[in-house]
Amino acid sequence: MLIRHAGDLTENDVTPHGLYLRRREFMAGTIALGAAGLAACAPEDVAAAPLKAAKSRYTTTEKLTPFKDVTTYNNFYEFGVDKSDPAANAGKLKTRPWTVKVDGACAKPGTYNLEDILKISPLQERIYRLRCVEGWSMVIPWIGIPLADILKRYQPTSKAKFVAFETLLRPSEMPGQRRAVLQWPYREGLRMDEAMHPLAFMAVGLYGQTLLNQNGAPMRLVVPWKYGFKSIKSISRISFTETQPKTAWQLSAPQEYGFYSNVNPAVDHPRWSQASERRIGEFIRRKTLPFNGYGEVAGLYAGMDLRKFY
Ligand SMILES: Nc1nc2c(c(=O)[nH]1)N[C@H]1C(S)=C(S)[C@@H](COP(=O)(O)O)O[C@H]1N2
Ligand SMILES: [Mo]
(Lines give C-alpha, C1' and ligand atoms only; values in the text may rest on other atoms or scores of the structure.)
(Ligands and ions follow the chains in the order given, each with its own letter.)
Protein backbone atom coordinates (compact mmCIF):
# COMPACT_ATOMS: atom_id res chain seq x y z
CA MET A 1 0.00 0.00 0.00
CA LEU A 2 1.27 3.44 -0.85
CA ILE A 3 -0.34 5.07 2.14
CA ARG A 4 2.23 5.88 4.79
CA HIS A 5 1.21 5.48 8.40
CA ALA A 6 3.51 8.02 9.96
CA GLY A 7 1.93 7.90 13.39
CA ASP A 8 0.37 10.75 15.27
CA LEU A 9 -0.21 14.18 13.84
CA THR A 10 2.54 16.73 14.31
CA GLU A 11 2.22 20.50 14.32
CA ASN A 12 4.90 21.02 11.66
CA ASP A 13 4.39 23.86 9.29
CA VAL A 14 4.07 22.86 5.65
CA THR A 15 7.29 23.48 3.70
CA PRO A 16 7.76 27.18 4.54
CA HIS A 17 10.85 27.56 2.36
CA GLY A 18 9.16 26.11 -0.70
CA LEU A 19 6.19 28.35 -0.03
CA TYR A 20 8.37 31.44 -0.33
CA LEU A 21 9.78 30.26 -3.66
CA ARG A 22 6.37 29.34 -4.97
CA ARG A 23 4.90 32.70 -4.03
CA ARG A 24 7.60 34.39 -6.09
CA GLU A 25 6.78 32.05 -8.95
CA PHE A 26 3.10 32.88 -8.48
CA MET A 27 3.76 36.63 -8.56
CA ALA A 28 5.76 36.19 -11.76
CA GLY A 29 2.85 34.22 -13.19
CA THR A 30 0.34 36.94 -12.43
CA ILE A 31 2.53 39.53 -14.09
CA ALA A 32 2.84 37.33 -17.16
CA LEU A 33 -0.95 37.04 -17.38
CA GLY A 34 -1.05 40.74 -18.10
CA ALA A 35 -3.45 43.56 -17.38
CA ALA A 36 -6.36 42.08 -19.30
CA GLY A 37 -6.71 39.12 -16.97
CA LEU A 38 -6.17 40.91 -13.70
CA ALA A 39 -7.02 44.60 -13.95
CA ALA A 40 -10.56 44.05 -12.68
CA CYS A 41 -9.51 41.92 -9.72
CA ALA A 42 -8.86 43.12 -6.22
CA PRO A 43 -5.64 41.54 -4.87
CA GLU A 44 -7.53 39.41 -2.36
CA ASP A 45 -9.35 37.69 -5.20
CA VAL A 46 -6.18 36.19 -6.62
CA ALA A 47 -3.62 36.14 -3.83
CA ALA A 48 -3.14 32.96 -1.86
CA ALA A 49 -2.61 33.14 1.90
CA PRO A 50 -0.27 30.77 3.74
CA LEU A 51 -1.96 27.97 5.70
CA LYS A 52 -0.62 25.90 8.57
CA ALA A 53 -1.64 22.28 8.78
CA ALA A 54 -0.63 19.17 10.68
CA LYS A 55 0.63 16.30 8.54
CA SER A 56 -1.91 13.51 8.25
CA ARG A 57 -1.11 9.80 8.25
CA TYR A 58 -3.11 9.53 5.02
CA THR A 59 -0.25 10.54 2.80
CA THR A 60 1.72 9.08 -0.08
CA THR A 61 5.50 9.50 -0.22
CA GLU A 62 5.54 9.78 -4.03
CA LYS A 63 7.21 12.72 -5.75
CA LEU A 64 4.98 15.80 -5.78
CA THR A 65 3.72 17.23 -9.05
CA PRO A 66 5.25 20.73 -9.34
CA PHE A 67 3.10 23.62 -8.08
CA LYS A 68 3.17 25.17 -11.52
CA ASP A 69 1.57 22.12 -13.14
CA VAL A 70 -0.99 21.73 -10.33
CA THR A 71 -2.10 25.35 -10.85
CA THR A 72 -1.90 25.74 -14.63
CA TYR A 73 -3.04 22.34 -15.98
CA ASN A 74 -6.63 22.16 -14.78
CA ASN A 75 -10.11 20.97 -15.58
CA PHE A 76 -12.71 23.50 -14.44
CA TYR A 77 -15.24 23.85 -17.24
CA GLU A 78 -16.90 26.86 -15.59
CA PHE A 79 -13.85 28.76 -16.87
CA GLY A 80 -13.39 27.06 -20.23
CA VAL A 81 -12.64 23.60 -21.56
CA ASP A 82 -8.90 23.91 -22.25
CA LYS A 83 -6.39 22.98 -19.55
CA SER A 84 -4.99 26.54 -19.48
CA ASP A 85 -8.41 28.26 -19.32
CA PRO A 86 -9.02 28.00 -15.55
CA ALA A 87 -5.70 29.66 -14.63
CA ALA A 88 -6.34 32.37 -17.24
CA ASN A 89 -10.01 33.07 -16.41
CA ALA A 90 -10.72 32.12 -12.80
CA GLY A 91 -9.16 35.23 -11.25
CA LYS A 92 -12.47 37.08 -11.67
CA LEU A 93 -14.34 34.77 -9.30
CA LYS A 94 -15.00 36.39 -5.93
CA THR A 95 -14.60 33.78 -3.22
CA ARG A 96 -15.27 36.11 -0.25
CA PRO A 97 -17.78 36.28 1.27
CA TRP A 98 -18.64 32.63 0.65
CA THR A 99 -21.57 30.68 2.02
CA VAL A 100 -22.61 27.06 1.67
CA LYS A 101 -26.27 26.08 1.76
CA VAL A 102 -26.85 22.83 3.64
CA ASP A 103 -30.25 21.18 3.16
CA GLY A 104 -32.12 17.90 2.88
CA ALA A 105 -32.19 15.04 5.39
CA CYS A 106 -30.31 16.57 8.31
CA ALA A 107 -31.10 18.13 11.69
CA LYS A 108 -29.03 21.27 11.12
CA PRO A 109 -29.84 22.70 7.70
CA GLY A 110 -28.88 26.31 7.06
CA THR A 111 -26.61 28.69 5.26
CA TYR A 112 -23.13 28.57 6.70
CA ASN A 113 -20.19 30.93 6.29
CA LEU A 114 -16.95 29.47 5.01
CA GLU A 115 -15.17 30.73 8.14
CA ASP A 116 -17.48 28.70 10.38
CA ILE A 117 -17.02 25.56 8.30
CA LEU A 118 -13.25 25.96 8.60
CA LYS A 119 -13.53 25.93 12.39
CA ILE A 120 -15.10 22.45 12.43
CA SER A 121 -11.77 20.66 12.80
CA PRO A 122 -8.03 21.45 12.54
CA LEU A 123 -6.48 21.64 9.09
CA GLN A 124 -4.50 18.63 7.89
CA GLU A 125 -2.08 18.19 5.04
CA ARG A 126 -2.60 15.08 2.89
CA ILE A 127 -0.57 14.14 -0.14
CA TYR A 128 -2.89 12.26 -2.50
CA ARG A 129 -2.73 10.94 -6.02
CA LEU A 130 -5.31 12.49 -8.38
CA ARG A 131 -6.25 10.37 -11.42
CA CYS A 132 -8.28 12.11 -14.12
CA VAL A 133 -10.60 9.96 -16.22
CA GLU A 134 -8.72 11.35 -19.24
CA GLY A 135 -5.67 9.24 -18.36
CA TRP A 136 -3.30 11.64 -16.59
CA SER A 137 -2.45 11.91 -12.91
CA MET A 138 -0.77 14.16 -10.36
CA VAL A 139 0.44 13.98 -6.75
CA ILE A 140 -0.89 16.96 -4.80
CA PRO A 141 -0.27 18.12 -1.21
CA TRP A 142 -3.77 19.19 -0.19
CA ILE A 143 -4.75 21.03 2.98
CA GLY A 144 -8.24 20.59 4.36
CA ILE A 145 -10.63 18.81 6.70
CA PRO A 146 -12.00 15.26 6.62
CA LEU A 147 -15.33 15.37 4.82
CA ALA A 148 -16.90 13.24 7.57
CA ASP A 149 -16.15 15.91 10.20
CA ILE A 150 -18.02 18.51 8.14
CA LEU A 151 -21.00 16.31 7.31
CA LYS A 152 -21.47 15.06 10.90
CA ARG A 153 -21.75 18.67 12.06
CA TYR A 154 -25.06 18.98 10.16
CA GLN A 155 -26.41 15.77 11.75
CA PRO A 156 -27.66 13.78 8.77
CA THR A 157 -30.77 11.72 9.62
CA SER A 158 -31.28 8.01 8.92
CA LYS A 159 -33.00 9.04 5.66
CA ALA A 160 -29.72 10.46 4.31
CA LYS A 161 -28.40 7.73 2.04
CA PHE A 162 -26.43 10.04 -0.27
CA VAL A 163 -24.88 13.48 -0.19
CA ALA A 164 -25.04 15.81 -3.19
CA PHE A 165 -22.75 18.75 -3.90
CA GLU A 166 -23.17 21.75 -6.18
CA THR A 167 -20.65 24.22 -7.52
CA LEU A 168 -21.47 27.93 -7.39
CA LEU A 169 -23.67 29.12 -10.26
CA ARG A 170 -22.49 32.62 -11.22
CA PRO A 171 -22.16 33.09 -14.99
CA SER A 172 -21.10 36.73 -14.53
CA GLU A 173 -17.83 35.49 -13.00
CA MET A 174 -17.72 32.00 -14.53
CA PRO A 175 -17.68 32.58 -18.31
CA GLY A 176 -17.87 28.86 -19.12
CA GLN A 177 -21.36 28.81 -17.58
CA ARG A 178 -22.62 31.01 -20.43
CA ARG A 179 -22.27 28.02 -22.74
CA ALA A 180 -24.15 24.74 -22.38
CA VAL A 181 -21.09 22.47 -22.29
CA LEU A 182 -22.58 20.87 -19.17
CA GLN A 183 -25.87 21.39 -17.31
CA TRP A 184 -24.98 24.01 -14.73
CA PRO A 185 -24.41 24.10 -11.87
CA TYR A 186 -21.82 21.30 -11.85
CA ARG A 187 -23.11 18.59 -9.53
CA GLU A 188 -21.58 15.60 -7.83
CA GLY A 189 -22.52 13.10 -5.18
CA LEU A 190 -21.39 10.27 -2.95
CA ARG A 191 -23.13 7.48 -1.14
CA MET A 192 -23.18 8.32 2.57
CA ASP A 193 -20.71 5.57 3.54
CA GLU A 194 -18.29 6.76 0.83
CA ALA A 195 -18.58 10.33 2.07
CA MET A 196 -17.87 9.21 5.64
CA HIS A 197 -14.77 7.21 4.65
CA PRO A 198 -11.67 8.70 6.32
CA LEU A 199 -9.97 9.28 2.94
CA ALA A 200 -12.75 11.60 1.67
CA PHE A 201 -11.44 15.13 2.15
CA MET A 202 -12.62 18.72 1.80
CA ALA A 203 -9.67 20.80 0.61
CA VAL A 204 -9.22 24.51 1.18
CA GLY A 205 -5.56 24.69 0.19
CA LEU A 206 -2.62 23.06 -1.49
CA TYR A 207 1.17 23.44 -1.27
CA GLY A 208 0.87 25.27 2.04
CA GLN A 209 -1.45 28.02 0.89
CA THR A 210 -5.13 28.65 0.22
CA LEU A 211 -6.51 27.23 -3.03
CA LEU A 212 -6.15 29.34 -6.12
CA ASN A 213 -9.46 29.76 -7.92
CA GLN A 214 -8.48 27.39 -10.72
CA ASN A 215 -8.16 24.58 -8.15
CA GLY A 216 -11.64 25.17 -6.74
CA ALA A 217 -11.37 27.94 -4.18
CA PRO A 218 -12.49 28.36 -1.56
CA MET A 219 -13.49 24.75 -0.87
CA ARG A 220 -13.53 21.61 -3.03
CA LEU A 221 -13.91 17.90 -2.59
CA VAL A 222 -11.00 15.47 -2.94
CA VAL A 223 -11.99 11.81 -3.33
CA PRO A 224 -8.68 10.18 -4.23
CA TRP A 225 -9.94 6.67 -5.14
CA LYS A 226 -12.36 8.05 -7.75
CA TYR A 227 -11.75 9.76 -11.09
CA GLY A 228 -10.95 13.44 -10.69
CA PHE A 229 -14.33 14.69 -11.90
CA LYS A 230 -15.92 13.47 -8.65
CA SER A 231 -13.76 16.02 -6.80
CA ILE A 232 -16.15 18.94 -7.33
CA LYS A 233 -14.78 22.46 -7.00
CA SER A 234 -16.00 25.73 -5.44
CA ILE A 235 -18.84 24.10 -3.50
CA SER A 236 -21.83 26.25 -2.58
CA ARG A 237 -24.41 23.62 -1.64
CA ILE A 238 -24.45 20.30 0.24
CA SER A 239 -27.69 18.29 0.26
CA PHE A 240 -28.46 15.07 2.11
CA THR A 241 -30.73 12.91 -0.06
CA GLU A 242 -32.64 9.64 0.14
CA THR A 243 -32.05 8.80 -3.50
CA GLN A 244 -28.94 8.78 -5.66
CA PRO A 245 -28.33 12.32 -6.92
CA LYS A 246 -27.69 13.16 -10.58
CA THR A 247 -24.16 14.19 -11.41
CA ALA A 248 -23.01 16.62 -14.12
CA TRP A 249 -21.05 14.10 -16.15
CA GLN A 250 -23.69 11.41 -15.81
CA LEU A 251 -26.30 13.86 -17.10
CA SER A 252 -24.03 14.74 -20.02
CA ALA A 253 -22.93 11.22 -21.08
CA PRO A 254 -24.46 8.45 -18.93
CA GLN A 255 -22.97 5.65 -21.01
CA GLU A 256 -19.47 7.04 -20.36
CA TYR A 257 -19.63 8.37 -16.80
CA GLY A 258 -21.38 6.57 -13.96
CA PHE A 259 -22.23 7.63 -10.44
CA TYR A 260 -19.47 5.61 -8.76
CA SER A 261 -16.53 6.35 -11.08
CA ASN A 262 -14.02 4.48 -8.98
CA VAL A 263 -10.59 4.38 -10.62
CA ASN A 264 -10.57 0.95 -12.26
CA PRO A 265 -7.92 -0.19 -14.74
CA ALA A 266 -10.10 -3.22 -15.61
CA VAL A 267 -13.04 -1.16 -16.90
CA ASP A 268 -12.18 0.95 -19.93
CA HIS A 269 -13.85 4.18 -20.88
CA PRO A 270 -15.92 3.46 -24.02
CA ARG A 271 -13.47 5.58 -26.04
CA TRP A 272 -10.09 4.80 -24.40
CA SER A 273 -8.26 2.40 -22.11
CA GLN A 274 -8.02 3.05 -18.38
CA ALA A 275 -5.19 0.52 -17.88
CA SER A 276 -2.45 3.17 -17.70
CA GLU A 277 -1.91 6.84 -17.04
CA ARG A 278 0.62 9.59 -17.61
CA ARG A 279 1.88 11.20 -14.43
CA ILE A 280 2.19 14.89 -15.30
CA GLY A 281 5.92 15.66 -15.66
CA GLU A 282 6.80 12.09 -16.67
CA PHE A 283 6.96 10.57 -20.14
CA ILE A 284 6.60 6.84 -19.66
CA ARG A 285 3.05 5.81 -18.81
CA ARG A 286 2.53 3.88 -15.60
CA LYS A 287 -0.05 1.25 -14.72
CA THR A 288 -3.23 2.54 -13.16
CA LEU A 289 -4.01 0.86 -9.83
CA PRO A 290 -7.48 -0.29 -8.70
CA PHE A 291 -9.07 2.47 -6.61
CA ASN A 292 -6.05 4.59 -7.62
CA GLY A 293 -3.96 2.60 -5.12
CA TYR A 294 -6.36 3.23 -2.21
CA GLY A 295 -7.37 -0.41 -1.80
CA GLU A 296 -8.59 0.20 1.74
CA VAL A 297 -11.88 1.47 0.30
CA ALA A 298 -12.67 -1.86 -1.41
CA GLY A 299 -14.98 -2.90 1.43
CA LEU A 300 -17.38 -0.11 0.47
CA TYR A 301 -18.11 -2.01 -2.74
CA ALA A 302 -18.23 -5.58 -1.45
CA GLY A 303 -20.65 -7.64 -3.54
CA MET A 304 -21.09 -4.90 -6.17
CA ASP A 305 -20.37 -5.54 -9.84
CA LEU A 306 -18.00 -2.66 -10.60
CA ARG A 307 -18.53 -3.12 -14.35
CA LYS A 308 -22.21 -2.42 -13.88
CA PHE A 309 -21.71 0.28 -11.24
CA TYR A 310 -18.97 2.17 -13.10
N1 LIG B 1 -17.08 22.45 -10.66
C2 LIG B 1 -16.19 21.68 -11.29
N3 LIG B 1 -15.45 20.80 -10.57
C4 LIG B 1 -14.54 20.02 -11.19
C5 LIG B 1 -14.36 20.09 -12.59
C6 LIG B 1 -15.16 21.02 -13.33
O7 LIG B 1 -15.06 21.15 -14.56
N8 LIG B 1 -16.04 21.80 -12.63
N9 LIG B 1 -13.44 19.25 -13.20
C10 LIG B 1 -13.11 18.00 -12.50
C11 LIG B 1 -12.02 17.25 -13.11
S12 LIG B 1 -12.36 16.47 -14.57
C13 LIG B 1 -10.81 17.09 -12.50
S14 LIG B 1 -9.64 16.05 -13.15
C15 LIG B 1 -10.47 17.83 -11.28
C16 LIG B 1 -9.19 18.61 -11.50
O17 LIG B 1 -8.78 19.26 -10.32
P18 LIG B 1 -7.49 20.20 -10.34
O19 LIG B 1 -7.63 21.13 -11.51
O20 LIG B 1 -7.46 20.90 -9.03
O21 LIG B 1 -6.30 19.28 -10.53
O22 LIG B 1 -11.49 18.75 -10.89
C23 LIG B 1 -12.83 18.25 -11.01
N24 LIG B 1 -13.77 19.17 -10.43
MO1 LIG C 1 -10.78 14.86 -14.81
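This structure is a prediction, so every number in the text was calculated from the model and none was measured.

K.L.:
Quick question: what am I supposed to make of the overall build of the chain here?
P.N.:
Across its full length, the chain holds nine helices and 15 strands. When the 310 residues of the chain are sorted by exposure, 55% land in the buried category. When contacts within the chain are restricted to residue pairs at least 6 apart in sequence, long-range pairs at least 24 apart make up 74% of them. In the structure as shown, the chain presents an accessible area of about 14,000 Å², 57% of it carried by carbon and sulfur atoms.

K.L.:
Sorry, what's going on with the site of ligand 1 here?
P.N.:
The immediate surroundings of ligand 1 are formed by 17 residues, with Asn74, Tyr77, Glu78, Thr167 and Lys233 found nearest. Taking Tyr77, its main chain carries an N or O atom lying 2.8 Å from an oxygen atom of ligand 1. One of the backbone N or O atoms of Ser231 is found 2.9 Å from a nitrogen atom in ligand 1. In isolation ligand 1 has 540 Å² of accessible area, and contact with the protein removes 98% of it. Broken down by class, the residue content of the shell around ligand 1 amounts to eight nonpolar, six polar and three charged.

K.L.:
When you look at the sheet that holds strand 9 (residues 187-191) in this model, what are you seeing that I'm missing?
P.N.:
One key point about sheets: their strands pair by backbone hydrogen bonds, in either a parallel or an antiparallel sense. Judged by pairing direction, the sheet is mixed, and its five strands sit side by side in the order 5-4-13-8-9 without closing on themselves. If you trace the sheet from one side to the other, it starts and ends with strand 5 (110-113) and strand 9, each paired once. Across the sheet, the mean angle from the axis of one strand to that of its neighbour is 20°, orientation sign disregarded. In the sheet, strand 8 (residues 162-167) pairs with strand 13 (residues 235-241) via six bridges, with the strands oriented antiparallel. Bridge pairing links Thr167 to Ile235 in strand 13.

K.L.:
Help me understand unusual backbone geometry, please; the structure alone is not making it clear to me.
P.N.:
Negative phi characterises most residues that are not glycine, and trans characterises most peptide bonds. Residue Pro97 is reached from Arg96 by a cis peptide bond, and omega for that bond is -10°. Along the chain, Pro97 falls in the loop between helix 5 (85-89) and strand 4 (99-104). Following Ala217, the chain continues into Pro218 via a peptide bond in cis, with omega recorded as 0°. Examined against the element boundaries, Pro218 turns out to sit in the loop between strand 11 (209-210) and strand 12 (220-222). The phi dihedral of Gln155 is positive, around 50°, even though this residue is not glycine. Mapped onto the secondary structure, Gln155 falls in the loop between helix 7 (147-153) and strand 8. Looking at Gln155, the relative accessible area reads 40%, which means it is partly exposed. One non-glycine residue, Tyr207, lies in the positive phi region at around 50°. Counting through the fold element by element, Tyr207 comes out in the loop between strand 10 (201-206) and strand 11.

Conventions used here
- Residues numbered from 1 in each chain as written.
- Chains lettered and ligands numbered in written order.
- Predicted model: local features only at pLDDT ≥ 70, side-chain atom pairs only at ≥ 80, totals over all residues.
- Heavy atoms only, no water.
- Helix = DSSP H or I, 4+ residues; strand = E, 2+ residues; numbered from the N terminus.
- Buried < 20%, exposed > 50% of the residue type's maximum accessible area, 1.4 Å probe, protein only.
- Contact = heavy atoms within 4.5 Å.
- Areas by Shrake-Rupley, 256 points an atom, 1.4 Å probe, with all protein chains shown as cover.
- Near = heavy atom within 4 Å.
- Polar contact = N/O pair within 3.5 Å; in protein donor to acceptor, adjacent residues only side chain to side chain.
- Nonpolar A, V, L, I, M, F, W, Y, C, P; charged D, E, K, R; others polar.
- Pairing = 2+ DSSP bridges.
- Axes fitted to C-alpha atoms, helices over the stretch in contact; angles between N-to-C directions.

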